[in-house]
Amino acid sequence: MFSSLFSTAPPADPHAPNFHPVSSKFGPTELFGELKPKDTELLCTSSGFITETQVFYTTTPDGKSIWCQLIHSSVGLWYPTIQFTCKIYDPETQKSTWKSINVSNFTCPPTGLDRRSCKADEFSFTHKSKPDSDYPESYIIQANPAPDLQIFLEVTRPASASGWKIGSGDDGGYSKFGPDASNPEGYVIHRFWPLMKSSGHIVVNGKATPVEGQGMFVHAIQGMRPNLVAASWNFGNFQSPELGGVSAIQMEFTTIGAYGVKGAGSGGVAVNIGSLVVGGKLVAVTAETKYPGETSDANAPVKCRVTHLKPALDADTGYQKPCELLFEWAGPSLVADKPGTYSASLNVDVGDIQQPKGLIEKVDVLAEIPKVLKLAVNYVAGTKPYIYMWINPAKLTITEPESDVPVEVNGHIYNEATFIS
């Protein structure tokens, strides 16, 4: 793995595919791959260029956003860097609490637990299993990243909303980089809990606030240098307590030019994966690949895409920031007594440059990542990676199988747009 990242030997055919997207690997009825216990075990590897992250997102009914994240970064020959990051945002007060720290005495697994749990002096994620119950899995999240912030949350996954990856088996979930998919130069994988219930409290500046909400969990691994994975990312996380619990999520990345279906220079391939939960049940898993120059099919039976609308140049970042985003889903029903297709769409207005709507923060990525990772990534001079983070009220329009009458659900969407190059 380590040596392959530095290989300069070209493939026998320079126009052969050197990117193998998971979104094209499985057919419409094969997209749902149920998570096994090992899928959410932490690798915590100490060799190669591997960035591993676990993120728990919670949204409260009034739109507060709380997320907690572990980042384990292995950078070549250097000892891994482990960070705990959290952000709490209240749209009513527009106050944001943001902490990002390097932790000490990190351990995985803690004594008596498996690798789904970890701890450090500043935080712990403790996984618990209750097989054959209504809530078969949970995590206890405890964190004290700074004197002015304490977090205690219990997040539980309902049995009716299975954890998922794209495709089943050991190869499920993987998008692979390099001409030989059996011996890849790198990979990207995402594993999700599409719906979880959250309860607990946070203490900010000595003031305790109870937390009750719902959200999602993702375990993601980038098995190569971050600047080689993608030119851009999009993420959408819609949550609503209506109809017994509704969730619509998407994760998308677009490859750099070096990785594509016709070899080096044919990149710009967009891989988008997502899911729909309706009535507390996982009803569809979706995936779509968009190749450079390809026009999206409005009537495609499987759909998972995000479109940036009304782009405007942001002088602060140098990127064309969307003023609106359109998220779309469509996929085969996973509900036995509702055969057919589930589809959904959501349009969110995030405002223009002068008057943003729901903008939590514009994150200067190079200012946040560890120095050693910054050196290893070796970004091209002048490149300034930025992440836009928003949370806004939103309306998800759902059409169930064999129905011509769409259902509108009110909730909140937390979404990100990341520009790297």
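Preceding block: the structure.
In short, a report on the structure.

Reading the values: the criteria
Residue positions are given per chain, counted from 1 along the sequence in the order it is written. Local features are withheld for residues below a pLDDT of 70 in this predicted model, meaning they are given only at 70 or higher, and side-chain atom pairs are given and counted only at 80 or more; totals for whole chains, interfaces and linings count all residues. Working from all heavy atoms in the structure, the side-chain values ignore hydrogens and water. A run of H or I in DSSP counts as a helix once it spans at least four residues, and a run of E counts as a strand once it spans at least two, with each numbered from the N terminus. Computation of the radius of gyration draws on C-alpha atoms, with the globule rule given as 2.2 Å multiplied by the number of residues to the power 0.38. Residue burial is assigned from relative accessible area. The probe radius is 1.4 Å, only protein chains are included, and a residue is buried under 20% of its type maximum, exposed over 50%, and partly exposed in between. Contact between two residues is taken to exist if any of their heavy atoms lie within 4.5 Å; hydrogens are not considered. Using a 1.4 Å probe, accessible areas were evaluated by the Shrake-Rupley method; residue-level cover was limited to the displayed protein chains. The convention is simple: Lys and Arg are positive, Asp and Glu are negative, and His and the chain ends are not counted. Every charge is mapped to an atom, namely NZ of Lys, CZ of Arg, CG of Asp or CD of Glu. Count a disulfide wherever a pair of cysteine sulfur atoms falls within 2.5 Å. Counted as a polar contact is a pair of N or O atoms within 3.5 Å, where, for protein atoms, one must be capable of donating a hydrogen and the other of accepting one, and residues adjacent in sequence contribute only when both atoms are in side chains. Each salt bridge in this description consists of a side-chain nitrogen of Lys or Arg and a carboxyl oxygen of Asp or Glu lying within 4 Å of one another. Criterion used throughout: strands pair if DSSP finds at least two bridges between them.

Let us now look at the overall build of the protein. Along the protein, the regular secondary structure elements total 3 helices and 26 strands. In terms of overall size, the protein behaves like a compact globule, its C-alpha atoms giving a radius of gyration of 20 Å where 421 residues would be expected to give roughly 22 Å. Summarising its shape, the C-alpha atoms of the protein cover approximately 60 × 55 × 50 Å along the three principal directions. The proportion of buried residues among the 421 residues of the protein is 56%. Put simply, 61% of the contacts in the protein that link residues at least 6 apart link residues at least 24 apart. Carbon together with sulfur atoms contributes 52% to the accessible area of the protein, which is approximately 17,800 Å² in total. Positive and negative side-chain charges of the protein, numbering 33 and 42 respectively, have mean locations separated by a distance of 4 Å.

The subject of this paragraph is the state of the cysteines. Per the stated rule, a full pass over the model turns up 0 disulfides. You can see cysteine 108 has no disulfide; the closest cysteine sulfur is in cysteine 44, sitting 4.0 Å from it. You can see cysteine 118 has no disulfide; the closest cysteine sulfur is in cysteine 108, sitting 5.7 Å from it. The buried category is assigned to cysteine 118, whose relative accessible area is 1%.

The next point concerns unusual backbone geometry. Here the amide bond leading from cysteine 108 into proline 109 is cis, since omega sits at 0°, within 30 degrees of zero. Relative to the assigned elements, proline 109 resides in the loop between β6 (95-102) and β7 (118-119). A positive phi angle, close to 65°, is found at aspartate 132, a residue other than glycine. Locating aspartate 132 in the fold gives a position in the loop between β8 (123-129) and β9 (137-146). Its identity as a non-glycine residue notwithstanding, lysine 310 has a phi of 50°, on the positive side. Residue position: lysine 310 is located in the loop between β19 (303-309) and β20 (312-314).

Further remarks concern the side chain of glutamine 54. Relative to the helices and strands, glutamine 54 is located in strand β3 (residues 49-59). Among the polar contacts listed, one links the side chain of glutamine 54 to the backbone oxygen of threonine 40, at a separation of 3.3 Å. Other than its neighbours up to four places away in sequence, glutamine 54 contacts Thr40, Leu42, Cys68, Gln69, Leu70, Phe125, Tyr139, Phe217, Val218 and His219.

The next thing to look at is the pattern of salt bridges. Throughout the structure, instances matching the rule amount to 19 salt bridges. Glutamate 324 serves as the salt-bridge partner of lysine 310, at 2.9 Å between the closest nitrogen and oxygen. Remark: glutamate 324 occurs in strand β22 (residues 324-332) and lysine 310 occurs in the loop between β19 and β20; sequence separation between them is 14 residues. By relative accessible area, glutamate 324 is classed as buried at 16%.

A separate point is the side chain of threonine 255. Here threonine 255 shows up in the loop between β16 (246-254) and β17 (270-278). With relative accessibility at 2%, the residue threonine 255 sits in the buried group. Aside from chain neighbours lying at most four places away, what touches threonine 255 is Phe19, Phe177, Val229, Ala230, Ala231, Gly267, Gly268 and Val269.

Let us look at the pairing of strand β14 (residues 207-222). The two faces of the sheet receive side chains in turn, since in a regular strand these alternate between them. In the sheet, β3 pairs with β14 via 9 bridges, with the strands oriented antiparallel. Paired with glutamate 52 across the two strands is isoleucine 221, which belongs to β14. The pairing of strand β13 (residues 186-204) with β14 spans 15 bridges and is classified as antiparallel. The residue of β14 that forms the bridge with lysine 197 is glutamine 214. A loop of 2 residues connects β13 with β14, the two strands running antiparallel in sequence, and asparagine 205 in this loop sits at a positive phi of about 55°.

With that settled, consider the environment of proline 110. Among the structural elements, proline 110 can be located in the loop between β6 and β7. When its relative accessible area of 8% is taken as the criterion, proline 110 is described as buried. Linking proline 110 and threonine 126, residues 16 residues apart in sequence, is a C-alpha distance of 8.8 Å. If we ignore the near neighbours within four places in the chain, the residues touching proline 110 are Ser117, Cys118 and Lys119.

Fair warning: the whole summary comes from geometry, so function is off the table for now.
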